[in-house]
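Observations on the three-dimensional arrangement
Below are the chains, spelled out letter by letter.
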Amino acid sequence: MPTYNVDGFIWSGLGTANTLAPVSINDDDGTMSPYFTNDFGETITIGGTTYINPKGGTYKLTFTDSGGITHTEDLLLWSTGPDFIFVPLPGSNFDSGSTITSLGGWQNWTTGFTWTDVVCFTKGTEIATPTGARLIETLSIGDLVITRDNGLQPIKWIGQKFITGARQYAFPHLRPIKIKKDALGANTPQKDIWLSPQHRIHHKSHQSAVQFGSYEVLIPAKGMINDSTILTDNSMNSVAYIHILFERHEIVFADGLACESFHPGAIGIDAMEDAARAELFDIFPDLQCNPNGYGPSARQSLSVSETQHIFKAN
């Protein structure tokens, strides 16, 4: 059962949301249930009190962040009886100094939502190209990149999200995972690399074949943490997350490490800023009607808990 530990806010209507509450979400199937359903395999713990099958869904808010910029986003919202609790989606602009200016209502009552983080590299990562390794921040749309499965592929879209130190402090799940040089074998990676917590890495092992029926899988960086060679980096004052998108989901080589490219999905798209989302829809218009229509994953993707199970077996 995956467990997600995030920062939530006690619902207080309009005004500044400054009441933080630790939230622990236990999810039995990878998809949180929609509003008014009965899935008793899911619980949410808020400030130490656990609620079974809380009523929840996505709720649209318009707010001004602590920097004075206005955004409209869907946030996760649960009813616990006397209170409401809401949690910004991964990559959200909502922070502890945000002021809510408009309540737009429920956005998702029937289909639930998949909990996932946007998959990003960080500035300074070198990507393998036919002309040699190039810093990801120097790549442009149309540049060719070496992929594991489909040879040279042109980049279709590039997105970037800057996360301040204050936002990392407010939302620890946004802090990057540091994978040290040689952590996964000689020259794997070739130098220290930083990835977003849910960025998945190509992995091959007999354990994954036995346990999950697939010799090759994609595993999230967060699930590999050993607090030695792979760890959450709490020292960075800020981080620039960059994601690259191809015609299909690909495995590329970052500092010698085989990693996935960005795979847009419902939550990944919702977490984008308005301008970036509009640009993506211009390139892939079908995603506007069907956020899950991008195509299949390049490999079977494991959860954090499944990844931890593999590494414990080694």
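In this convention, every chain numbers its residues from 1, walking through the sequence in written order. Under the rules for a predicted model, residues below a pLDDT of 70 receive no local features and side-chain atom pairs below 80 are neither given nor counted, while totals for whole chains, interfaces and linings still include all residues. Think of the side-chain values as coming from all heavy atoms in the structure, minus any hydrogens and water.

Examining the overall build of the protein
Helix numbers and strand numbers start at the N terminus; a helix is a DSSP run of H or I with at least 4 residues, a strand a run of E with at least 2. On a plain count of helices and strands, the protein comes out with six helices and 26 strands. For the protein, the proportion of its 314 residues judged to be buried stands at 50%. For the protein, the share of sequence-separated contacts (at least 6 apart) that also reach a separation of at least 24 residues comes to 60%. On the protein, roughly 13,700 Å² of surface is accessible, and the fraction owed to carbon and sulfur atoms is 50%. For every residue, the accessible area obtained with a 1.4 Å probe (protein chains only) is divided by the maximum for its type, and the residue is called buried under 20%, exposed over 50%, and partly exposed between those limits. Any two residues having at least one pair of non-hydrogen atoms within 4.5 Å are treated as being in contact. Areas reported here follow the Shrake-Rupley algorithm with a probe of radius 1.4 Å; residue values treat only the protein chains shown as occluding.

A few points about the confidence of the model for the protein
Looking at any residue, its pLDDT shows the predictor's confidence there, from 0 to 100. Averaged over every residue, the pLDDT of the protein is 79; residues scoring 70 or more account for 73%. In the predicted structure, residues 109-117 sits below a pLDDT of 50 and forms 32 contacts with residues beyond four places in sequence or in another chain.

Here we look at the pairing of strand β24 (residues 251-254)
Pairing geometry for β24 and strand β25 (residues 257-260), over four bridges, is antiparallel. Counted as the bridge partner of A254 is L257 from β25. In this structure, the hairpin formed by β24 and β25 is closed by a connection of two residues, where D255 is found at a positive phi of approximately 50°. Here, any two strands with at least 2 DSSP bridges between them count as paired.

Comments concerning the environment of S305
Mapped onto the elements, S305 comes out in helix α6 (residues 304-313). When the C-alpha atoms of S305 and G223 are compared, they prove to be 6.6 Å apart, with 82 residues separating the residues in sequence.

Describing the nonpolar core
For our purposes a nonpolar core is just a set of buried Ala, Val, Leu, Ile, Met, Phe, Trp, Tyr and Cys residues, chained together by side-chain atoms within 4.5 Å. F121, I127, I136, I179, L195, I201 and C259 are the most contacted members of the largest nonpolar core, which has 25 residues in total. Listed by contribution, the elements that provide at least two residues to this core are β18 (177-179), β19 (193-195), β21 (216-220), β23 (238-245), β24 and β25. Apart from the residues within four sequence positions on either side, I127 is in contact with F121, G132, A133, R134, I136, L139, V145, F253 and A254. Counting nine residues, the second-largest nonpolar core is a separate cluster that includes L61, F86, F94 and I100.

Side note on the pairing of strand β13 (residues 126-129)
Alternating residues of β13 divide into I127 and T129, all buried, and E126 and A128, none buried. When β13 meets strand β14 (residues 132-135), the two strands line up antiparallel, connected through four bridges. Note that in β14 the partner of I127 across the bridge is R134. Hairpin connection between β13 and β14: a loop of two residues separates the two successive antiparallel strands.

Quick word on the pattern of salt bridges
Counted as salt bridges are all cases of a side-chain nitrogen of Lys or Arg within 4 Å of a carboxyl oxygen of Asp or Glu. Within this structure, the stated rule accounts for eight salt bridges. Across the pair D255 and K191 runs a salt bridge, and its minimum N-O distance is 3.2 Å. On the criterion of sequence distance, the pair formed by D255 in the loop between β24 and β25 and K191 in the loop between β18 and β19 is long-range, its members being 64 residues apart. Residue classification places D255 among the buried positions, given a relative accessible area of 3%.

A short note on the packing of aromatic side chains
Think of it this way: a Phe, Tyr or Trp ring, Trp meaning its six-membered ring, pairs with another when their centres are within 6.5 Å, and the plane angle makes it stacked under 30 degrees, edge-to-face over 60, tilted otherwise. Summed over the entire model, instances satisfying the criterion amount to one aromatic pair. Note on W157 and F262: the rings are 6.1 Å apart at their centroids and 35° apart in plane angle, and the pair reads as tilted. Note that W157 is positioned in strand β17 (residues 157-164) and F262 in the loop between β25 and α3 (266-270), a separation of 105 residues in sequence.

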